[in-house]
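Coordinate inspection notes
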Amino acid sequence: MHGYTADKDAYLKRLRRIEGQIRGLQRMVENDEYCIDVLTQIAAATKALQAVSLGLLDEHLKHCVAQAVAEGGPVAEEKLAEASAAISRLVKS
């Protein structure tokens, strides 16, 4: 079981909302809407995705990483390295 399983429905709801935002962006471009308005909506969609990412990362740290650290050994080191790499990817994006 993954750490986010308990909140899976909430994550899916948020992702569907973001999907709608992206479709709205496509319509804005198709309709030649003002570029600043499109950029504003892109920023909103980006922030929404970042919020989902941070939520998933938090769940991963609380569930998967904490469990691995409690067990110790190479699995703990692997989970910590995995979490560090995920944080690095999020910071770079």
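Residues numbered from 1 in each chain as written. Predicted model: local features only at pLDDT ≥ 70, side-chain atom pairs only at ≥ 80, totals over all residues. Heavy atoms only, no water.

1. Focus on the overall build of the chain
Put simply, the test is: Secondary structure elements are taken from DSSP: a helix is a run of H or I of four residues or more, a strand is a run of E of two residues or more, and numbering for both begins at the N terminus. Values of the radius of gyration come from C-alpha atoms, whereas the globule rule sets the reference at 2.2 Å times the count of residues to the power 0.38. Whether two residues touch is decided by their heavy atoms; if any such pair falls within 4.5 Å, the residues are in contact. Computed with a 1.4 Å probe, the accessible areas rest on the Shrake-Rupley method; for each residue, only the protein chains presented here act as cover. When charges are tallied, Lys and Arg are placed among the positive residues and Asp and Glu among the negative ones, while His and the ends of the chain are skipped. To locate a charge, take NZ of a lysine, CZ of an arginine, CG of an aspartate or CD of a glutamate.
Looking only at helices and strands, the chain has three helices and zero strands in total. In the chain, the succession of α and β elements from N to C terminus is α-α-α. Here the chain has a C-alpha radius of gyration of 17 Å; the compact-globule value for 93 residues is 12 Å, and the former is much larger. Across its three principal axes, the chain shows a C-alpha extent of roughly 55 × 30 × 15 Å. Taking all contacts inside the chain whose residues are at least 6 apart in sequence as the whole, residues at least 24 apart take part in 51%. When the accessible surface of the chain is totalled, it reaches about 6,800 Å², and 59% of it is carbon and sulfur. Distance between charge centroids for the chain: 3 Å, based on 12 positive and 13 negative side chains.

2. What about the pattern of salt bridges?
Going by this rule: Any Lys or Arg side-chain nitrogen found within 4 Å of a carboxyl oxygen on Asp or Glu counts as a salt bridge. Under the scheme applied here, a residue whose accessible area is under 20% of the maximum for its type counts as buried, over 50% as exposed, and between as partly exposed, the area being computed with a 1.4 Å probe on protein chains only.
Enumeration over the complete set of coordinates arrives at three salt bridges. With a shortest N-O distance of 3.4 Å, R23 and E19 are connected by a salt bridge. Remark: E19 and R23 occur in helix α1 (residues 8-30); sequence separation between them is four residues, near one turn of the helix. We classify R23 as partly exposed; its relative accessible area is 40%. In this structure, K79 engages E82 in a salt bridge whose closest nitrogen and oxygen atoms are separated by 3.6 Å. Of this pair, K79 and E82 both sit in helix α3 (residues 74-92), separated by three residues, roughly a single helical turn. What makes K79 partly exposed here is its relative accessible area of 22%.

3. What to know about the environment of G20
On the secondary structure map, G20 appears in helix α1. A sequence separation of 32 residues divides G20 from V52, and the C-alpha atoms of the two residues are 15 Å apart.

4. A word on the packing of α1 against helix α2 (residues 35-71)
In plain terms, the rule: To get an axis, fit a line to the C-alpha atoms, keeping to the stretch in contact for a helix; angles then go from 0 to 180 degrees between the N-to-C directions. Should an angle fall under 35 degrees it is called roughly parallel, over 145 degrees roughly antiparallel, and 65 to 115 degrees roughly perpendicular, with every other angle called oblique. When the near helix sits turned anticlockwise from the far one by under a right angle, the crossing is termed left-handed; a clockwise turn instead gives a right-handed crossing. Each residue gets one label: Ala, Val, Leu, Ile, Met, Phe, Trp, Tyr, Cys and Pro are nonpolar, Asp, Glu, Lys and Arg are charged, and the others, such as Gly, are polar.
One can describe the packing of α1 onto α2 by two numbers: an axis separation of 10 Å at closest approach and a directional angle of 160 degrees. It follows that α1 is roughly antiparallel to α2 by the angle criterion. In this structure, α1 meets α2 at a crossing whose hand is left-handed. Broken down by class, the residue content of the contact of α1 with α2 amounts to 16 nonpolar, three polar and three charged.

5. Re the side chain of H60
Along the chain, H60 falls in helix α2. For H60, a relative accessible area of 18% puts it in the buried group. Here H60 is in contact with V65, K79, E82 and A83, once residues within four sequence places are set aside.

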